[in-house]
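Structural description and commentary
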Amino acid sequence: MNQQNKKHIFGFILVILGASFWGIGGTVAQKLFQQEQIEVGWLVSSRLLLAGILLIAIYKITHRQQSIFVMWRTKKDAFRQILFSILGMLAVQYTYMMSIAIGNSAVATLLQYLAPLFIIAFYIIQRHSKITKQDGIAVILTLTGTTLLLTNGSFSTLSVPMMSVIWGVLSGLSVAFYTLYAVPLLQQFHSLLVVGWAMVIGGSVMSIFYQPWHIDLSTWTIATSAYFFFIIIFGTMLAFWFYIASLHYLSPKETSLLGSLEPLTAVLTSVLWLQIPFGGFQMLGTLLILCMILYLTVFQKKQLKLE
């Protein structure tokens with residue numbers, strides 16, 4: 001196995017771990033929202049600030065001779081980092097968490113996985129190319145799967161409130177922006193710094209509206225604390241770090257597509273742990289969305305190599 005293949009496999013491992021942590025973290029967040037009455041804005045500001053500080057600290061420990069302020073030396077780099085932090089990191093976190101709080105983790109995560117289609121659309125528009133047969137099949141699979149997921153076969157009602165659907169779609173758009181916009185930053189700076197500063201900036205902006213220090217810890221149980229720290233360490237810090245670090249070894253489209261374990265883990269943990277009811281048509285819709293992800297991964301290898 002040559003060095004390039006080893007790097008590719010390492011990228012696969014990173015994105016799969018990151019996606020799995022993110023999917024499970026979403027289910028844990030739903031537990032906090034619905035059973036522990038934790039506010040969405042407070043959780044977003046708290047998790048971003050704590051996880052971001054930890055990532056920057058890890059970078060400083062492992063790169064003692066390097067400055068943590070390297071991307072703030074030019075206005076261009078600083079502007080790009082701030083834009084990525086707010087429209088990427090913060091937007092992904094808040095839209096996803098709002099979709100979970102109003103609906104549930106499984107549906108929110110599957111809606112977030114419209115991101116690959118948004119990324120494909122971006123490449124098509126950017127290159128002024130026609131939609132390929134593979135892209136068309138992917139769109140049909142996604143639209144059919146999403147329709148079944150949201151309606152469970154009954155078009156008179158949705159399986160989750162409409163606002164949850166809107167937040168979920170916005171989350172997918174945010175992930176697409178996050179994935180594409182991160183590439184130039186990663187070409188210049190270490191992934192720990194890019195993700196760490198994005199979290200600190202996003203958390204600081206959110207703290208204007210939801211102060212992390214305004215919380216009554218007297219009502220917290222050991223389980224509440226365990227859920228919270230799982231979200232910080234695994235569902236936020238490691239999930240985003242591994243995902244963004246995989247872009248060192250994979251293309252943006254590969255990273256987005258190979259994270260197919262994210263919706264799968266979210267569905268499984270939601271159904272098995274939280275006992276979220278999932279109808280037969282919803283399971284079929286989930287299967288179609290996963291098929292779309294795997295289909296694009298298998299049949300667009302040639303296109304991916306050109307990215």
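Okay, so let's go over this structure. Everything numeric here is computed off the predicted structure, so don't read it as measured data.

Observations concerning the side chain of Gln112
Take Gln112: it is sitting in helix 4 (residues 105–112). Among all residues touching Gln112, those that are not within four sequence positions of it are Trp22, Val92, Tyr96, Gly168, Ser171, Gly172, Val175 and Glu262.

Comments concerning the packing of helix 4 against helix 6 (residues 133–151)
Direction vectors running N to C along helix 4 and helix 6 enclose 160°, while the axes themselves pass 11 Å from each other. Between helix 4 and helix 6, the angle is such that the two are roughly antiparallel. As for how helix 4 packs across helix 6, the hand of that crossing is left-handed. Here Val107, Leu110 and Leu111 of helix 4 come into contact with helix 6, specifically with Thr146, Leu149 and Leu150. By residue class, the composition of the contact of helix 4 with helix 6 is five nonpolar, one polar and no charged.

Details of the side chain of Ser45
Looking at the element boundaries, Ser45 is found in helix 2 (residues 40–62). Within polar-contact distance, the side chain of Ser45 engages the backbone oxygen of Trp42 at 3.0 Å. Within the local environment of Ser45, its side chain forms a polar contact with the backbone oxygen of Tyr210, the two atoms lying 2.9 Å apart.

Overview of the packing of aromatic side chains
Within the structure shown, the criterion is met by 16 aromatic pairs. For the pair Trp42 and Trp220, a centre-to-centre distance of 5.9 Å together with 85° between the ring planes defines the contact as edge-to-face. On the criterion of sequence distance, the pair formed by Trp42 in helix 2 and Trp220 in the loop between helix 8 (191–207) and helix 9 (222–245) is long-range, its members being 178 residues apart. Exposure remark for Trp42: the relative accessible area of 6% places this residue in the buried category. Taken together, the aromatic side chains of Phe21, Phe230, Phe234, Trp241 and Phe242 make up a single cluster linked through ring pairs. A cation over a ring is seen here: Arg80 above Tyr181, with NZ or CZ 4.7 Å from the ring centre.

As for empty space enclosed by the protein
A complete count under the given rule lists one cavity of 30 Å³ or more for this structure. Of the volumes computed, that of the largest cavity is approximately 190 Å³. Forming the boundary of the largest cavity are 15 residues, of which Trp22, Gln112, Val175, Tyr243 and Glu262 lie nearest the centre. Here the lining of the largest cavity is composed, by residue class, of eleven nonpolar, three polar and one charged.

Side note on the nonpolar core
For soluble globular proteins, the rule of thumb is that nonpolar side chains tend to be buried together. Counting residues in each nonpolar core, the largest one holds 63 residues, and the members touching the most others are Leu43, Phe84, Met97 and Tyr178. Of all the elements in the fold, those that place two or more residues in this core are helix 1 (3–35), helix 2, helix 3 (75–102), helix 7 (162–188), helix 8 and helix 9. Broken down by element, the residue count for this core peaks at 13 residues, all from helix 9. In this view, Tyr178 contacts Phe84, Gly88, Met89, Val92, Val195, Phe240, Tyr243 and Ile244; residues no more than four positions away in its chain are not counted. Listed in part, the 20 residues of the second largest apolar core include Leu114, Ala138, Leu148 and Ile289.

Observations regarding the packing of helix 2 against helix 9
Two elements in contact, helix 2 and helix 9, have axes separated by 9 Å at closest approach and are oriented at 60°. The orientation of helix 2 relative to helix 9 falls into the category oblique. Every pair of crossing elements has a handedness; the one defined by helix 2 and helix 9 is right-handed. Contacts between helix 2 and helix 9 pair Trp42, Leu43, Ser46, Arg47, Leu50, Ala51, Leu54, Leu55 and Ile58 from the former with Phe228, Ile231, Ile232, Ile233, Gly235, Thr236, Met237 and Trp241 from the latter. Grouping the constituent residues of the contact of helix 2 with helix 9 by class yields 13 nonpolar, three polar and one charged.

Some details on helix 6
Taking 1.5 Å as the rise per residue, helix 6 with 19 residues should run 27 Å; its terminal C-alpha atoms sit 27 Å apart, in good agreement. Along helix 6, the positions that sit buried rather than exposed are Asp135, Ala138, Leu141, Thr142, Gly145, Thr146, Leu148, Leu149, Leu150 and Thr151. At the exit of helix 6 stands Asn152, carrying a positive phi of roughly 55°.

Thresholds applied
- Residues numbered from 1 in each chain as written.
- Predicted model: local features only at pLDDT ≥ 70, side-chain atom pairs only at ≥ 80, totals over all residues.
- Heavy atoms only, no water.
- Helix = DSSP H or I, 4+ residues; strand = E, 2+ residues; numbered from the N terminus.
- Contact = heavy atoms within 4.5 Å.
- Axes fitted to C-alpha atoms, helices over the stretch in contact; angles between N-to-C directions.
- Parallel < 35°, antiparallel > 145°, perpendicular 65-115°, else oblique.
- Left-handed = near helix turned anticlockwise from the far one by under 90°.
- Nonpolar A, V, L, I, M, F, W, Y, C, P; charged D, E, K, R; others polar.
- Polar contact = N/O pair within 3.5 Å; in protein donor to acceptor, adjacent residues only side chain to side chain.
- Phe/Tyr/Trp six-rings, centres within 6.5 Å; stacked < 30°, edge-to-face > 60°.
- Buried < 20%, exposed > 50% of the residue type's maximum accessible area, 1.4 Å probe, protein only.
- Lys NZ or Arg CZ within 6 Å of the ring centre and 35° of its normal.
- 1 Å grid on protein atoms, 1.4 Å probe; cavity = no way out; pocket = protein on both sides within 12 Å on 5 of 7 lines; lining within 4 Å.
- Points joined across faces, edges and corners; volume = space filled by probe spheres on them.
- Core = buried A, V, L, I, M, F, W, Y, C linked by side-chain atoms within 4.5 Å.
- Expected span 1.5 Å × (residues − 1).

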